[in-house]
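# A structural walkthrough
In case you want the letters, here they are:
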Amino acid sequence: MKKRFLCVLLALLLLTGCARTQKPVEFTSFAMDTVMSFTLYGGEEDTGVLRLRIPEELGTLEGLVSAVREDSDVSRINRGAGQAVKVDPATARLLARAWELCEITDGALDITAYPAVKTWGFTTGEYRVPAEGELAELAERIDYTAVKLEGNSVTLPAGMELDLGAVAKGYAGDVLAETARANGLTSALLDLGQSTIMAVGTKPGGKPWRIGIVDPAQPGSYFAVVELTGMAMGTSGGYQRYFERDGEVWWHILDPKTAAPARSGLASVTVVSPSALACDGLSTALFVMGLEAGARFWRDHPELQFDAVFVTEEGEIYRTAGLEGCFSLAEGYEDREVTVLE
């Protein structure tokens, strides 16, 4: 009996040892004009399935919502010239959720800013600063309320164009996280690129995932760390894509009211939420709003279940109260003051 007990105990120790040293499946995929990285923990069969399925799902989604692929749903909508265009149900779902974010942010996020984005050269890298008259004409063509969605049919007035780039990566994160959970994974980190992260569960062993927030003044450094458990995080910042002309910096985050780069006094906004799509869309909207209006928006919309970190152009750091216990300054930044928004 004693010998049998020792054998069982040894087997249990070996099993728990294997669990502690479980190696992740790590891979990258290029989609939506960025490199995405994935770290999956789980059984060999489950992670093997996801290793193949994740790139397939990303490719399918990109094929539907890309603004540059001529055969995508979004491109067909943009060529629709005011006629109803039938789209895939996934496109309709993403468009509906994006439209809702546009509405609740009162147009600080606007999915019809694509003509302005193109005019500034952010789609091609051929940058230019449009004249005031051209900007005024572009601003008149930015109006998310003109998008009509009925079931799986979308109508957009002639001369207007959609771009779901501000929310597509986040939507992909939400979809892939659900796919991971449906395949039995309870521990995974989905890095959708350009500061969009989706954490499935915790790290193996139960500890939260620790994700750095980039210092917009030094993009190679992280000024803070946020601990995530089953949550997403997304950052919008002027440092991510910009060009300089005549000593002035022009970044890719446009104010829909002016069709020009948003000048709100902020350098970056990070949003933490259960939804990666919400993180992407709200971080852009809050950047456009600025600190005061962004903080008020957070207070006024508890139903959105998000928290935020604001960094001003002067380097001041503000965070919302809901991040208590999961936000900390990184090494080398411990002496920075952080103002808590209540």
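Everything discussed here concerns the structure shown above.
Residues numbered from 1 in each chain as written. Predicted model: local features only at pLDDT ≥ 70, side-chain atom pairs only at ≥ 80, totals over all residues. Heavy atoms only, no water.

The number of helices and strands found in the protein is nine helices and 19 strands. By principal-axis analysis of the C-alpha atoms, the protein measures approximately 90 × 50 × 35 Å. Counting contacts in the protein only where the partners sit at least 6 residues apart, residues at least 24 apart contribute 59% of the total. Total accessible area computed for the protein in this model is approximately 16,600 Å², and 51% of it derives from carbon and sulfur atoms. Charge-centre separation for the protein: the mean point of 30 positive side chains lies 10 Å from the mean point of 48 negative side chains. (Helix = DSSP H or I, 4+ residues; strand = E, 2+ residues; numbered from the N terminus. Contact = heavy atoms within 4.5 Å. Areas by Shrake-Rupley, 256 points an atom, 1.4 Å probe, with all protein chains shown as cover. Lys, Arg positive; Asp, Glu negative; His and termini not counted. Charge placed at Lys NZ, Arg CZ, Asp CG, Glu CD.)

Glancing now at the packing of aromatic side chains. In this structure the tally under the stated criterion is ten aromatic pairs. Site record: aromatic cluster; members linked through ring pairs are W120, F122, Y127, F243 and W250. The ring centre of W250 lies 5.2 Å from the NZ or CZ of R263, which sits over that ring. The residue whose ring lies beneath R263 is W251, and the NZ or CZ to ring-centre distance is 4.7 Å. (Phe/Tyr/Trp six-rings, centres within 6.5 Å; stacked < 30°, edge-to-face > 60°. Lys NZ or Arg CZ within 6 Å of the ring centre and 35° of its normal.)

It is worth spelling out the packing of helix 8 (residues 276–289) against helix 9 (residues 291–300) at this point. Where helix 8 meets helix 9, the axes come as close as 6 Å, and the angle between the chain directions of the two elements is 135°. Our classification of the angle between helix 8 and helix 9 gives oblique. Contacts between helix 8 and helix 9 pair L282, L286 and M289 from the former with A293, G294 and F297 from the latter. When its residues are assigned to classes, the contact of helix 8 with helix 9 shows five nonpolar, one polar and no charged. (Axes fitted to C-alpha atoms, helices over the stretch in contact; angles between N-to-C directions. Parallel < 35°, antiparallel > 145°, perpendicular 65-115°, else oblique. Nonpolar A, V, L, I, M, F, W, Y, C, P; charged D, E, K, R; others polar.)

The next subject is a negative patch on the surface. The grouping of E313, E314, E316 and E337 at the surface amounts to a negative patch. The topology assignment puts E314 in the loop between strand 16 (307–312) and strand 17 (317–320). (Patch = residues over 30% accessible without salt bridge, like charges linked within 9 Å, V, L, I, M, F, W, Y side chains within 5 Å. Salt bridge = Lys/Arg side-chain N within 4 Å of Asp/Glu carboxyl O.)

Now for the side chain of S66. Tracing the chain through its elements places S66 in the loop between helix 2 (44–65) and helix 3 (73–78). Under the relative-accessibility criterion, S66 is labelled buried at 10%. Engagement of the side chain of S66 in a polar contact is seen with the backbone nitrogen of V68, the distance being 3.2 Å. Beyond its immediate sequence surroundings of up to four residues, S66 is in contact with S72, V74 and S75. (Buried < 20%, exposed > 50% of the residue type's maximum accessible area, 1.4 Å probe, protein only. Polar contact = N/O pair within 3.5 Å; in protein donor to acceptor, adjacent residues only side chain to side chain.)

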